[in-house]
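Structural features, examined
Next come the chains, spelled out residue by residue.
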Amino acid sequence: MEVATAYRHILKAVDKHIGREGTKRHFRDFIVQEFRKSINLSDQHAIQQKIKLAKDYSLMLNSVHHHKHLLFSYNIAVDRADEMRRTISKSAANVGLRLPDVYHP
């Protein structure tokens, strides 16, 4: 059960923070391939090491994303127009609206 939880968490982290598009699909495929290769392991110590590695990697992905978000939110010298537009557009999407496209000549 611990293996399934680690597998699910690492795939969620990769999908959320790296993406699923075609150019980034190889990250997800590598993880799936590594888990499938490890199905026939009988050494408990090796299994626990692989589970720990998967948990650590998913924690690292989530932490790096959170750290990046904090850096952007606290740094007032960075132009935050894109971030604000993304936040407003997410808020509008939550209530079923869409922001109008702005014409830039």
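Read on for an overview of the structure.

Thresholds applied
Within any chain, residue numbers begin from 1 and follow the written order of that chain's sequence. Whole-chain, interface and lining totals are the exception, using all residues; otherwise, since this is a predicted model, local features are given only for residues with pLDDT of at least 70 and side-chain atom pairs are given and counted only at 80 or more. Side-chain figures throughout are based on the complete set of non-hydrogen atoms in the structure, without hydrogens or water. The helix and strand labels rest on DSSP assignments: H or I over at least four residues marks a helix, E over at least two residues marks a strand, and numbering proceeds from the N terminus. The globule rule used for comparison is 2.2 Å times the number of residues to the exponent 0.38, while the radius of gyration itself is calculated over C-alpha atoms. Buried, partly exposed and exposed residues are distinguished by accessible area as a fraction of the type maximum, computed with a 1.4 Å probe on protein chains only: under 20%, between the cut-offs, and over 50%, respectively. The protein chains shown are the only cover counted for residues, whose accessible areas, like all others here, come from Shrake-Rupley with a 1.4 Å probe. Asp and Glu count as negative and Lys and Arg as positive, but His and the ends of the chain are not part of the count. A single reference atom marks each charge: NZ on Lys, CZ on Arg, CG on Asp, CD on Glu. Take the buried residues of types Ala, Val, Leu, Ile, Met, Phe, Trp, Tyr and Cys, join any two whose side-chain atoms come within 4.5 Å, and each joined set is a nonpolar core. We call two residues contacting when some pair of their heavy atoms lies within 4.5 Å. Patch membership requires over 30% relative accessible area and the absence of a salt bridge. Like charges are linked within 9 Å, and nonpolar side chains (Val, Leu, Ile, Met, Phe, Trp, Tyr) within 5 Å. Salt bridges are defined by distance alone: a side-chain nitrogen of Lys or Arg within 4 Å of a carboxyl oxygen of Asp or Glu.

A word on the overall build of the protein chain. On a plain count of helices and strands, the protein chain comes out with 4 helices and 0 strands. Each helix and strand of the protein chain, ordered N terminal to C terminal, gives the series α-α-α-α. Here the C-alpha atoms of the protein chain give a radius of gyration of 19 Å, more than 25% beyond the 13 Å that 2.2 N^0.38 yields for 105 residues. Its C-alpha atoms give the protein chain principal-axis dimensions of about 60 × 30 × 25 Å. Per-residue burial over the protein chain gives 18% buried out of 105 residues. Accessible area for the protein chain stands at about 8800 Å²; split by element, carbon and sulfur atoms hold 60% of it. In the protein chain, which carries 18 positive and 11 negative side-chain charges, the distance between the mean positions of the two groups comes to 3 Å.

Right, let's talk about the nonpolar core for a bit. Counting residues in hydrophobic clusters, the biggest one holds 12 residues: A6, I10, L11, A13, V14, I18, I31, V32, I47, I51, A54 and L61. Excluding anything up to four places from it in sequence, V32 contacts Y7 and L11.

Turning our eyes to something else, we now look at a nonpolar patch on the surface. A cluster of nonpolar residues, Y57, M60 and V64, forms a patch on the protein surface that exposes about 260 Å² of accessible area. Position of V64 relative to the elements: it lies in helix α3 (residues 44–74). You can call V64 exposed: its relative accessible area is 51%.

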